[in-house]
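# Observations on chain architecture
The residues making up each chain are set out below.
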Amino acid sequence: MNAAVRNAWLRGVSGASEAHQAFRIRDAHKDGLRPIDVFGVIEELEIPLVFEPLDHLLGACVRVESTTVGILVTTERSLHMQRFTAAHELGHFVLDHEGSLDREVRMPGNTTNRPIVEIEADAFAAEFLMPTWLVKTTAERRGWWSGELLSDPDVVYQLSLRLSVSYDAACWGLVASEFVPHGVGTQLASKEPKEMKARALRGIQMSDSWADVWLLDEGDNGAHLDAGPNDLFIVELHEDAASGYRWDTAQANRDGFKVLSDNSEHSEKQVGAASTRRLILSAPPKGLHELQLQHRRSFSKRADVQAFSVSISTRGSTKVDDPAPYAYAPAIH
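Conventions adopted
- Just so you know, the residues in each chain are numbered from 1, in the order the chain's sequence is written.
- The model is predicted, so local features are restricted to residues of pLDDT at least 70 and side-chain atom pairs to those at 80 or more, both for listing and for counting; the totals for chains, interfaces and linings are taken over all residues.
- Just so you know, side-chain values use all the structure's heavy atoms and leave hydrogens and water out.
- Any two strands between which DSSP finds at least two bridges are classified as paired.
- Counting from the N terminus, the helices are DSSP H or I runs at least four residues long and the strands are E runs at least two residues long.
- Fitting a line to C-alpha atoms yields each axis, with helices limited to the stretch in contact; the angle taken between N-to-C directions then spans 0 to 180 degrees.
- A pair is scored as a salt bridge if a Lys or Arg side-chain nitrogen falls within 4 Å of a carboxyl oxygen belonging to Asp or Glu.
- Type-normalised accessible area, obtained with a 1.4 Å probe on protein chains alone, sets the label of each residue: buried when under 20%, exposed when over 50%, and partly exposed for intermediate values.

The mixed open sheet is built from four strands, whose spatial order is β1-β3-β2-β4. For this open sheet the edge positions go to β1 (49-52) and β4 (100-102), each flanked by a neighbour on one side alone. Averaged over all pairs of adjacent strands, the angle between their axes in this sheet comes to 20 degrees, without regard to strand direction. The pairing of strand β2 (residues 59-65) with β4 spans three bridges and is antiparallel. Across the sheet, A60 pairs through a bridge with L101, a residue of β4.

On to the sheet that holds strand β5 (residues 213-216). One open sheet accounts for four strands, arranged β5-β7-β10-β9; its pairing is mixed. Where the open sheet ends on each side, the last strands, each with one partner, are β5 and β9 (258-266). Looking at each pair of strands side by side, their axes are set apart by 15 degrees on average, direction ignored.

Attention shifts here to the pattern of salt bridges. When the charged atoms of two side chains lie near each other, side chains of opposite charge can form a pair. In this structure the tally under the stated criterion is 15 salt bridges. With a shortest N-O distance of 3.9 Å, E118 and R114 are connected by a salt bridge. The same class applies to E118 as to R114, namely buried. One salt bridge in this structure joins D220 and R162, with 2.8 Å as the shortest N-O distance. One end of the pair, D220, is in the loop between β5 and β6 (224-226); the other, R162, is in helix α7 (residues 153-163), and 58 residues separate them in sequence. Per residue, the accessibility class of D220 equals that of R162, and both read buried. By sharing partners, the salt bridges in this structure join E104, R106, R114, E118 and D122 into a single network.

The following block contains the structure:
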């Protein structure tokens, strides 16, 4: 990396870090339970944000006057690309660039023949959505914080979902943060998410091959997930079935979740051994939903039973007629 490119990258990273500090984003995400909401930050800055079916464009930062800008994002791409594009356009604003019409945005490290201002905006977007502290906190909470696990494509795919970025962006983000070597990142990026989905589903077929498959466990309790309308959710939780305790899906059923598969897997082949409940669920139609499960005896009326709960947006990519441009805003003060 030559000096000009390196300096451009550092300016972008610095700009993102300043934005995190200004909006106290690190404080709001110290638990690693939600992705950074770039749409909410743009709204907080009172920048007009418009989603349109742009022709051959991913997005644009339109500067009307020196202090007035508007951001456009295409409706024709996935939520992950919309988020990265919005962060890229926000970077143009924060870094005081002139207006930009963007036909592409690039992942960390891909700077060949790239204009300096676009390198800065790419770096801003990557650091804004995937800062090293959030990647580490998100991975640590779920027991993924080791070089061996971060080299596992199944783990990196799940990490990308928690950060609400593309799998490819997560691979190169790990390289840029020096959490994995470049060679490992290259190997990870060569894998296809459909392979990870198939391994997680173990023979269950998907109605939408583009949808994502979330593998949730105790580390996700209390999390906020930005998902798509056809995504599937695999929940693996320890239960004490030998003592009569089971994960109750009654509330999830009432809230519109459908159980597609329900199995208990014993860790040891002996009576009374601990087991893992493995549920595969589909979510209700587009909207904001709460998936709630309780670990209880069927005859118990106790109110202090163990609970598992995650908030799920199933809106997916934002369209022109969506009632709100974002799912879960961070606590901005």
